[in-house]
Amino acid sequence: LSSDVCSSSLSSGINAEYGEDEVSSSFQELLVEIIKRPKFDEKAEVDEEGVKADYNDMIEFIDARRIVDIVYLLTSRSLSHISMLQEEYYQEQGVELYTVLESITDHHIKDGLVSFMSVASDYPRYCAYKLHNSMDGSGTDEGSLTRIITTRADKDLKVIKTLYGEMFDKSLYEAINDNTRGDYRRTLLALL
């Protein structure tokens, strides 16, 4: 399937699920652009001049509240590039880029952009946070819990477990043990 067919289908699905008035067009644009996003070689060297040019563009986009342009910029760059852009923004402005984006966007686009940027800056920490949220509150989000535990390589999972303990003062093993039952619990704990 072409990315245009997928993005058209996604937009239709979002409107059917939530209604056109409930989901901002900027949020729809973010989702479509993430789906259309090309694969990047994350190990390739990041063009520092490109980061500086994107920083200048980002300043302009933020000042003018050009959310769609921000979405296009962020989704058309590698995660390594976005991470360096966030660092450049912090060095020059003294504030985190995601904080500024939170202040100029609505709740749907804000959550999407912040999550996307969190993945770029520290993916293991993002996973630890998502694991915590999947087991925090009423009930356990088994889909998120299973997806993260089963799709991480052993070395990644080791880092995530360490971060989880540091961030939430409880081991990931304990959290899973406390929030799951039966064969599901035994399977997840065996994967740790």
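On a predicted model such as this, the values are computed, not experimentally measured, just so you know.

Visitor: Honestly, the overall build of the protein in this entry has me stumped. Any pointers?
Guide: Along the protein, the regular secondary structure elements total twelve helices and zero strands. Overall, the protein shows an N-to-C arrangement of helices and strands of α-α-α-α-α-α-α-α-α-α-α-α. Taking all 192 residues of the protein together, the buried fraction comes to 34%. Sequence-distant contacts, at least 24 apart, represent 66% of the contacts inside the protein between residues at least 6 apart. About 11,100 Å² of surface is accessible on the protein, with carbon and sulfur atoms providing 46% of the total.

Visitor: Explain the layout of surface pockets here, please?
Guide: The gaps of empty space that remain are located by a probe, the size of a water molecule, rolled over the atoms. Its volume calculated, the second largest pocket comes out at about 470 Å³. Along the walls of the second largest pocket sit 20 residues, with Tyr98, Val114, Met117, Ser118 and Ser121 positioned nearest its centre. If one sorts the elements of the lining of the second largest pocket by residue count, helix H7 (residues 107-121) sits on top with seven residues. Residue composition of the lining of the second largest pocket, by class: seven nonpolar, six polar and seven charged.

Visitor: How should I be thinking about the pattern of salt bridges in this particular structure?
Guide: Side-chain pairing between opposite charges can occur once the charged atoms of the two side chains come close. One pass over the full model with this rule turns up seven salt bridges. The shortest N-O distance in the salt bridge between Asp54 and Arg77 comes to 2.6 Å. Of this pair, Asp54 sits in helix H3 (residues 48-63) while Arg77 is found in the loop between helix H4 (67-75) and helix H5 (79-93), placing the two residues 23 residues apart along the sequence. Salt-bridge contacts for Asp183 lead to Arg186; the nearest nitrogen and oxygen are separated by 2.4 Å. On the criterion of helical spacing, the pair formed by Asp183 and Arg186 is a turn pair, its members being three residues apart in helix H12 (residues 182-191). For the pair shown, Asp183 and Arg186 are each scored as exposed.

Visitor: Could you clarify how one ought to interpret the nonpolar core in this entry?
Guide: Nonpolar side chains in soluble globular proteins generally cluster together in the buried interior. Judged by nonpolar contacts, the single largest core of 23 residues is most densely connected at Met58, Ile62, Ile70, Leu74, Leu85, Leu97 and Leu101. For this core, the secondary-structure elements that each account for two or more residues are H3, H4, H5, helix H6 (97-104) and H7.

Visitor: Could you clarify how one ought to interpret helix H9 (residues 142-151) in this entry?
Guide: An α-helix turns once every 3.6 residues. As a result, residues three or four positions apart point the same way. By the burial criterion, the buried members of H9 are Ser144, Leu145, Ile148 and Ile149. What you see down the axis of H9 is that its buried residues fit within an arc of 115 degrees, all on one side. Check the buried side of H9 and you find it contacts helix H8 (123-135), helix H10 (154-168), helix H11 (172-179) and H12.

Visitor: What exactly am I supposed to notice about unusual backbone geometry here?
Guide: Note: most peptide bonds trans; most residues except glycine with negative phi. At Arg65, a residue that is not glycine, the phi angle is positive and equals roughly 55 degrees. Mapped onto the elements of the fold, Arg65 is located in the loop between H3 and H4. Of note, Asp169 is a non-glycine position whose phi angle comes to about 50 degrees, a positive value. Turning to its location among the elements, Asp169 is positioned in the loop between H10 and H11.

Visitor: Looking at this structure, how should I read the packing of H5 against H7?
Guide: In a pair of packed helices, the angle between the axes and the distance between the axes together describe the arrangement. It is the contact of H5 with H7, at a shortest axis distance of 8 Å, that shows an interaxial angle of 100 degrees. When the interaxial angle is binned, H5 and H7 end up roughly perpendicular. Here Leu79, Ile82, Ser83 and Gln86 of H5 lie close against H7, whose contacting residues are Phe116, Met117, Val119, Ala120 and Ser121. A class-by-class count of the residues in the contact of H5 with H7 yields six nonpolar, three polar and no charged.

Parameters at a glance
Residues numbered from 1 in each chain as written. Predicted model: local features only at pLDDT ≥ 70, side-chain atom pairs only at ≥ 80, totals over all residues. Heavy atoms only, no water. Helix = DSSP H or I, 4+ residues; strand = E, 2+ residues; numbered from the N terminus. Buried < 20%, exposed > 50% of the residue type's maximum accessible area, 1.4 Å probe, protein only. Contact = heavy atoms within 4.5 Å. Areas by Shrake-Rupley, 256 points an atom, 1.4 Å probe, with all protein chains shown as cover. 1 Å grid on protein atoms, 1.4 Å probe; cavity = no way out; pocket = protein on both sides within 12 Å on 5 of 7 lines; lining within 4 Å. Points joined across faces, edges and corners; volume = space filled by probe spheres on them. Nonpolar A, V, L, I, M, F, W, Y, C, P; charged D, E, K, R; others polar. Salt bridge = Lys/Arg side-chain N within 4 Å of Asp/Glu carboxyl O. Core = buried A, V, L, I, M, F, W, Y, C linked by side-chain atoms within 4.5 Å. Arc of directions from axis to C-beta. Axes fitted to C-alpha atoms, helices over the stretch in contact; angles between N-to-C directions. Parallel < 35°, antiparallel > 145°, perpendicular 65-115°, else oblique.

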